[in-house]
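Coordinate analysis (summary)
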Amino acid sequence: MPDNRGLTVAVLGPASSVHVQRWNTMLGSIGYRVIVASWQPGPELAGAELRVAPTVGASPVQRVPRAVVWLRRMIRDVHPDIVHIHSLGVHGALALALPHGPVQVVTPWGSELRAAQSSVARAAVVRLAARRAGLVLPTSPSVAAEMIDRYAVPPMRVRVFSWGVDEALIAAHPYISPGPVRASLGIPADATTVLSVRSTATIYRTLEIVSAFASAAADRPDLFLVVLGGHRPNRESAQRAKDDYLDRIRDAASAIRDRILILEEPLTPKETFEIMCASDVAVSIPAGDQRSSSVLEAALAGCRLLLSDIAPYREMISDGLAADLLSEPVTSSLTEHLRRVTTSESIIRSNKQFILAKENGATKACELDGIYRKLVSRE
């Protein structure tokens, strides 16, 4: 166990995000004091102190000046050793107001980097936040290359760090029985269950997954699809957009409504993992991504993985993950794979060994502790 006495980390990111929740769990496992500073309210985070920017619900013009004062006062009062900026959207912009002092670490999210490709303002936030940081910590080599090449971050200030799979999920895995999980959700016991393993969102191409499944299901009566709704956005406009997207998914699934389950309410990481363990196939087909923890968790759970053919997923396969890559156009490619997909005990064993050997959360937590302490010692 690392010597973690006295280390305090302020995580600047959305409290409602599963990414921030995972990070808090990892830091808590090694005894850190964690303060999560969030633009919007979120659920209570076990072991962390949640601080929310003032005047929630007010316009950005009213909120931003007060949030700047609030953030600077919080940093002065807490005296964190590290400020870790998770998300380079509004939290990246807010990070530009951080006072000098604590070491700053940035973890860029793949979805925000994709959004920045078509937005000068977003790209500017990414560039400024990354350049102020002592370390940029992406989860995949392809994103590391983007930070170096596009955003001019010096290579010595970029390090790839995979989050791995939470040690609590690894410990729980042997005790999760698929049968009771399926029964509790109304999934037929003998179905070949396909899980859309990411949140329901345009960036994860959930509609394409449902469309491909509907086509394949016409030829395979054993197929059953589970769709994860994911978190509910705080902004009203974002929530309306998500509701509209869910309506489109329901329309696409109307002909197979007895063979699809849409879980609209957010789930805990353990609940999500239990569903993974009760599934046979996991699908993740975004046009861009990093090293997805959801995909790694599905690999441990024993799912056959069907993934989009993108650089981060190719990197994972090169490292030892067993998965099938889907060429574009992804809907037709996924349809063909679902028509013939089967489970494989050899793949299940191989992926479990891969996770335990290379993506164990306990090992990753110790590695992160070393990264943080090396940064602090330089100051």
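Before any of the text, the structure's been laid out above.
This report concerns the structure included in the present document.

1. Concerning the packing of helix 1 (residues 18-29) against helix 16 (residues 361-378)
Two numbers describe how helix 1 lies on helix 16: the axes approach to 9 Å, and their chain directions differ by 85°. Relative to helix 16, the element helix 1 lies roughly perpendicular. The residues of helix 16 that touch helix 1, namely those facing Trp23, Met26, Leu27 and Ser29, are Lys364, Ala365, Leu368 and Tyr372. For the contact of helix 1 with helix 16, the per-class residue count stands at six nonpolar, one polar and one charged.

2. Thoughts on the sheet that holds strand 4 (residues 82-86)
If you trace the six strands from one edge of the open sheet to the other, you get 3-2-1-4-5-6, paired in parallel fashion. A single partner strand is all that each edge strand has here, and the edge strands are strand 3 (48-52) and strand 6 (135-136). Pairing of strand 4 with strand 5 (residues 103-107), which is carried by five bridges, proceeds in the parallel orientation. Of the residues in strand 5, the one forming a bridge with Ile82 is Val103.

3. Regarding the pattern of salt bridges
Applying the stated criterion across every chain yields a total of 20 salt bridges. Where Glu49 meets Arg51, a salt bridge forms, and the shortest distance between an N and an O atom there is 3.2 Å. A relative accessible area of 28% places Arg51 in the partly exposed class. Of the charged contacts, one joins Asp219 and Arg339 as a salt bridge, the two residues approaching to 2.9 Å between their closest N and O atoms. Taken together, the residues span a long stretch of sequence, with Asp219 in the loop between helix 9 (206-217) and strand 8 (223-228) and Arg339 in helix 14 (residues 330-340) at a distance of 120 residues. According to the relative accessible area criterion, Arg339 is partly exposed, its value standing at 32%. One network of salt bridges, in which partners are shared, links Arg33, Glu49 and Arg51.

4. A closer look at the sheet that holds strand 9 (residues 260-263)
In spatial order, the strands read 9-8-7-10-11-12; together these six strands make up an open sheet with parallel pairing. Only two strands of the sheet have a single partner each, and these edge strands are strand 9 and strand 12 (324-326). Taking each pair of neighbouring strands and ignoring which way they run, the sheet shows an average axis angle of 20°. Strand direction decides the pairing type here: strand 7 (residues 192-199) and strand 8, joined by six bridges, are parallel. Paired with Ser196 across the bridge in strand 8 is Val227.

How each quantity is defined
Along each chain, residues carry numbers from 1 onward, in the same order as the chain's sequence is written. Only residues with pLDDT of at least 70 are given local features in this predicted model, and only at 80 or more are side-chain atom pairs given and counted; all residues enter the totals for whole chains, interfaces and linings. Processing note: side-chain calculations cover all non-hydrogen atoms of the structure and skip hydrogens and water entirely. Each axis is a line fitted through C-alpha atoms, and for a helix only the stretch in contact is used; angles between axes span 0 to 180 degrees, taken between their N-to-C directions. Counting from the N terminus, the helices are DSSP H or I runs at least four residues long and the strands are E runs at least two residues long. Note that the term roughly parallel is reserved for angles under 35 degrees, roughly antiparallel for angles over 145, roughly perpendicular for angles of 65 to 115, and oblique for everything else. We call two residues in contact when some of their heavy atoms are within 4.5 Å. Put simply, Ala, Val, Leu, Ile, Met, Phe, Trp, Tyr, Cys and Pro go in the nonpolar bin, Asp, Glu, Lys and Arg in the charged bin, and everything else, Gly too, in the polar bin. Strand pairing requires that DSSP identify at least two bridges connecting the strands. Only one rule defines a salt bridge in this text: a Lys or Arg side-chain nitrogen within 4 Å of an Asp or Glu carboxyl oxygen. Buried residues are those whose accessible area, probed at 1.4 Å on protein chains only, stays under 20% of the maximum for their type, while exposed residues exceed 50% and partly exposed ones sit between those limits.

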